[in-house]
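# Residue-level structure breakdown
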Amino acid sequence: MAKSLHESLRELARLLGELNFQFPREGVAAGTLRDRTVRRLTDHLAARGRDLDAPLVAVLVGSTGVGKTTILNSLVGEIGPTSVQRPTTLTPVLVHHPDDELWLAADRILGGFDKIRLDADEASAEGSHSERPVLQVKTSEKLRPGIFLIDTPDVDSYVETNRHLALQLLDAADLWIFVTTAQRYAEPQGIDLLKAAARRKVAVGVVLNRVGHGSLLDSKTGFSEKIQQAGLGDTPIFAITEGQLQGGMLPDADVETLKKWLDGLAGDALLRTATARQALFGSLAEVLETSRKLASIFAAEEEQSQRAQTALAELAASQKSAGEHCWLETPILEGEPVSRFNHYAQAIFEEDSAEDSWIRKRLNWRRSLYGEKLSLRPGVEAAKRALDAAQESFMASIPRTIHPRLEDLDLEPSQGEGLGEDWKTVSLYSQWHRALSGAISAKQTADRPWREETPEAIFLALLMELYVAEEQTPVTFLEHYLTSADHEELKTKLRETVAGSVETWAEEVHEAMEKLVPATEDNPAQAKEILKLITELQEQWSQ
Ligand SMILES: Nc1nc2c(ncn2[C@@H]2O[C@H](COP(=O)(O)OP(=O)(O)OP(=O)(O)O)[C@@H](O)[C@H]2O)c(=O)[nH]1
Ligand SMILES: [Mg+2]
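Going by an unreviewed UniProt entry, the protein carries the name ABC transporter and comes from Mobiluncus porci.

As structure tokens, this is what we get:
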């Protein structure tokens with residue numbers, strides 16, 4: 001048996017909700033768009049798909065200070081505060097006739113909001129601790145049954161939560177009542193909103209507030225042109241002339257035609273259902289289009305993931321040779337180990353060249369006075385410190401070479417363009433970089449990869465380097481010290497030890513990076529399931 005519209009929409013919301021986008025996107029993060037689409041499906045479409053005859057959800061929407069709250073108060077009696085302070089309305093207020101109360105219970109309609117009754121006692125009004133945004137709810141006998149009238153915060157607000165709240169309400173509404181003034185109707189934000197309504201095919205009424213005396217015809221004609229240009233045909237315009245407010249409210253006569261229009265929509269079951277259906281299918285077409293885009297972006301992540309793997313493999317190879325180079329170039333045979341060696345060699349030289357036992361005694365006496373011991377140890381310790389410093393600089397070079405390579409990967413698919421509105425972007429690149437740096441610094445603090453004898457081998461190598469290269473080296477000492485040593489073997493051993501450590505590190509860093517490349521094998525299958533459901537929905541329900 002075919003699924004009901006309600007069931008199919010909930011299924012689509014579930015499948016979209018499982019899309020775990022892992023690659024960065026230009027402009028808008030696909031994840032944010034996914035969340036908004038899921039909300040539209042659950043808050044509005046699935047709910048409407050089940051209860052087409054529920055009261056119409058009508059939102060008063062517009063910029064701050066155009067008079068939305070004043071108009072609502074004038075229509076239904078004083079509800080919310082109006083003010084010269086901008087913006088005033090921060091929490092949306094829903095007004096309904098007492099007969100419609102049950103529709104709001106059990107979240108059948110506007111399920112994405114926590115409803116707090118303004119006319120209930122204080123205790124229940126304070127009871128909300130959920131993550132969902134709050135909708136204050138009030139009843140009014142002045143409103144007909146069949147409509148929920150909602151006053152929203154300013155849709156183009158500089159306050160981010162206001163913008164998001166207003167957008168979320170627009171997404172859940174069946175009727176947009178766009179409020180503007182004679183001075184502000186041509187502002188681009190308002191025109192964009194009208195265009196969005198035209199795209200969605202949602203029913204719209206517009207209120208042109210604060211029209212100057214004698215300029216009604218001019219204002220109405222000018223605004224009407226803008227409305228036509230935005231693609232909205234026969235939208236009713238309710239003009240309200242500028243006048244004195246009475247107790248903060250407009251005289252009844254000024255809102256009479258608007259009230260009649262709303263009463264007419266609420267009271268006529270056929271008209272109401274037709275309006276709800278229009279919003280449902282208009283929004284559904286948009287949501288299906290967006291879902292299709294989300295599915296194809298998600299499927300494309302599989303290919304991006306493979307590109308990342310290939311790039312990383314290339315990177316690992318070049319990283320290895322860069323690492324070896326870095327090691328061989330490192331000034332391990334300079335600095336402190338060298339001066340330690342000179343000190344040591346000088347002492348041995350002195351001892352070696354002392355002709356009689358009395359001089360030797362004096363040398364021994366001086367050494368014990370200054371606490372000097374003729375020992376390889378300080379030199380080996382110095383070599384160890386030099387090795388530590390070389391490791392630090394090798395590790396530090398890894399992110400410096402890897403990060404630019406990641407940016408070169410160009411992981412932005414073209415389908416990602418133009419999806420966004422005003423939703424916060426999330427940089428997954430930065431998360432990726434942070435995770436990589438974390439993996440590298442974890443390696444940095446891990447145990448040293450060389451064996452105990454490595455510093456000693458380095459110190460001995462130092463002896464040989466000086467023996468071979470430096471004229472002023474105490475040759476007799478070196479001859480004495482190195483008579484039994486096999487130089488070539490020692491040098492080879494040292495190089496092997498160092499190269500072995502570098503290779504291990506390069507491999508470990510590469511493995512850590514590979515783990516960071518998102519696993520996307522299931523993406524194509526998940527996307528396919530969504531596309532199949534979209535096709536079914538289109539065949540069954542669209543047009
Ligand atoms: N004189 C006169 N003042 C008005 C009229 N409509 C609104 N006002 C005043 O304009 C100011 C803003 O009105 P509000 O109703 O708070 O505007 P709003 O659209 O709800 O604003 P936000 O809640 O910030 O989005 C208030 O001081 C109102 O008293 C009108 O028709 N005539
Ligand atoms: Mg307001």
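Text resumes after the structure shown.
Turning to the overall build of the protein, a few remarks are in order. Helix and strand content of the protein: 18 helices and eight strands. When each of the 543 residues of the protein is scored for burial, the buried share is 46%. Once local pairs closer than 6 in sequence are excluded, the contacts in the protein between residues at least 24 apart make up 79%. For the protein, the exposed area adds up to about 27100 Å²; of that, 51% sits on carbon and sulfur atoms.

Moving on: the packing of aromatic side chains. A full pass over the atoms with the stated rule returns three aromatic pairs. Between F238 and W261, the aromatic rings sit 5.1 Å apart at their centres with planes inclined by 45°, giving tilted as the arrangement. Here W261 lies in helix α9 (residues 252–267) and F238 lies in strand β8 (residues 237–241), a separation of 23 residues in the sequence. On the accessibility criterion, W261 (23% relative accessible area) is partly exposed.

Moving on, we come to the sheet that holds strand β1 (residues 56–61). Across a sheet, paired strands are connected by hydrogen bonds in the backbone, their directions being either parallel or antiparallel. Taken together, the eight strands give an open sheet; going across it, the order is β3-β4-β2-β5-β1-β6-β7-β8, and neighbouring strands pair in mixed fashion. Of all strands in the sheet, those bounded by a partner on one side alone are β3 (114–117) and β8. Shown here is a sheet whose adjacent strand axes are inclined to one another by a mean of 25°, direction ignored. Looking at chain direction, strand β6 (residues 175–181) and strand β7 (residues 203–211) are connected through seven bridges and run parallel. Looking at β7, one finds that W176 is bridged to V204. Seen against the sheet, helix α3 (residues 68–76) touches β1, β2 (93–96), β5 (147–151), β6, β7 and β8 and runs at an angle of roughly 145° to β5.

Further remarks concern the pairing of strand β4 (residues 134–139). Bridging between β2 and β4 involves four bridges; their strand directions are parallel. Looking at β4, one finds that V95 is bridged to K138.

A few words on unusual backbone geometry. The phi torsion at K201 lies on the positive side, around 65°, for a residue other than glycine. With respect to the secondary-structure elements, K201 resides in the loop between α7 (188–200) and β7. Positive phi, normally seen in glycine, also occurs at R210, with a value near 55°. Within the element layout of this structure, R210 appears in strand β7. Relative accessible area serves as the criterion here: at 39%, R210 is assigned to the partly exposed category.

The subject of this paragraph is the packing of α3 against α9. Running from amino to carboxyl end, α3 crosses α9 at an angle of 80°, the nearest separation of the two axes being 10 Å. By the angle between their directions, the pair α3 and α9 is classed as roughly perpendicular. Contacts from I71, S74 and L75 of α3 reach α9 at D252, V255, L258, K259 and L262. Taken together, the residues that form the contact of α3 with α9 break down as five nonpolar, one polar and two charged.

A few words on the coordination of the magnesium ion (ligand 2). Only T69 (OG1) and T89 (OG1) from the protein coordinate the magnesium ion (ligand 2), and they sit 2.0 to 2.1 Å from it. Of the two residues, T69 sits in helix α3 while T89 sits in the loop between α3 and β2, which places them 20 residues apart along the sequence. Across the pair, T89 and T69 agree in class, each one buried.

This paragraph deals with the site of ligand 1. Taken together, 22 residues lie near ligand 1, and T64, K68, T70, T88 and T89 sit nearest. Contact distances for ligand 1 include 2.6 Å between an oxygen atom and a side-chain N or O atom of T64. For ligand 1, an oxygen atom lies 2.7 Å from a polar atom in the backbone of T88. Contact with the protein chains covers 90% of the free accessible surface of ligand 1, which is 650 Å². Those elements that place two or more of their residues in the shell around ligand 1 are α3 and β7. The leading source of residues in the shell around ligand 1 is α3, at three residues. Its residues assigned to classes, the shell around ligand 1 comprises five nonpolar, 12 polar and five charged.

As a further point, take the confidence of the model for the protein. When pLDDT is averaged across the protein, the result is 80; 75% of the residues are at 70 or more. Predicted confidence is poor over residues 121–127, with pLDDT under 50, and the contacts of this stretch with residues over four places away or in other chains come to two contacts. Note that pLDDT drops below 50 for residues 412–428; the model gives that stretch 41 contacts with residues more than four away or on any other chain.

Ranked by size, the top nonpolar core spans 56 residues in total, and within it L12, I71 and L149 carry the most contacts. By residue number, the principal contributor to this core is helix α10 (residues 269–329), which donates nine residues. If you count residues domain by domain, this core takes at least three from each of domain 1 (55–267) and domain 2 (297–538). The residues contacting L12, other than those within four sequence positions of it, are L41, L288, S291, I530, L533, I534 and L537.

Right, let's get into the pairing of β2. Neither face of β2 is open: one carries V93 and V95, the other L94 and H96, and all of them are buried. For β2 and β5, the ladder comprises three bridges, and the chain directions are antiparallel. Directly across from L94, in β5, lies its bridge partner I150.

Turning our eyes to something else, we now look at the side chain of H97. With respect to the helices and strands, H97 occurs in the loop between β2 and α4 (101–104). Residue H97 is classed as buried on the basis of its relative accessible area, which comes to 11%.

Moving on, we get to a nonpolar patch on the surface. Together, W365, L369 and Y370 make up an exposed nonpolar region whose accessible area comes to about 430 Å². Position of W365 among the secondary structure elements: in helix α12 (residues 357–370). Judged by its relative accessible area of 55%, W365 is exposed.

Turning our eyes to something else, we now look at the packing of helix α1 (residues 5–17) against helix α18 (residues 523–541). Across the interface, α1 lies against α18 with an axial gap of 10 Å and an inter-helix angle of 155°. Our classification of the angle between α1 and α18 gives roughly antiparallel. The interaxial crossing formed by α1 with α18 has left-handed handedness. Residues L5, S8, L9, E11, L12, L15 and L16 of α1 touch α18, and the partners they reach there are E529, I530, L533, I534, L537 and W541. Looking at the contact of α1 with α18 residue by residue, the class counts come to 10 nonpolar, one polar and two charged.

Conventions we followed
- Residues numbered from 1 in each chain as written.
- Chains lettered and ligands numbered in written order.
- Predicted model: local features only at pLDDT ≥ 70, side-chain atom pairs only at ≥ 80, totals over all residues.
- Heavy atoms only, no water.
- Helix = DSSP H or I, 4+ residues; strand = E, 2+ residues; numbered from the N terminus.
- Buried < 20%, exposed > 50% of the residue type's maximum accessible area, 1.4 Å probe, protein only.
- Contact = heavy atoms within 4.5 Å.
- Areas by Shrake-Rupley, 256 points an atom, 1.4 Å probe, with all protein chains shown as cover.
- Phe/Tyr/Trp six-rings, centres within 6.5 Å; stacked < 30°, edge-to-face > 60°.
- Pairing = 2+ DSSP bridges.
- Axes fitted to C-alpha atoms, helices over the stretch in contact; angles between N-to-C directions.
- Parallel < 35°, antiparallel > 145°, perpendicular 65-115°, else oblique.
- Nonpolar A, V, L, I, M, F, W, Y, C, P; charged D, E, K, R; others polar.
- Donors = N, O, S within 2.8 Å, 3.2 Å for Na, K, Ca; no water.
- Near = heavy atom within 4 Å.
- Polar contact = N/O pair within 3.5 Å; in protein donor to acceptor, adjacent residues only side chain to side chain.
- pLDDT = per-residue confidence, 0-100.
- Core = buried A, V, L, I, M, F, W, Y, C linked by side-chain atoms within 4.5 Å.
- Domains from an automatic or database assignment.
- Patch = residues over 30% accessible without salt bridge, like charges linked within 9 Å, V, L, I, M, F, W, Y side chains within 5 Å.
- Salt bridge = Lys/Arg side-chain N within 4 Å of Asp/Glu carboxyl O.
- Left-handed = near helix turned anticlockwise from the far one by under 90°.

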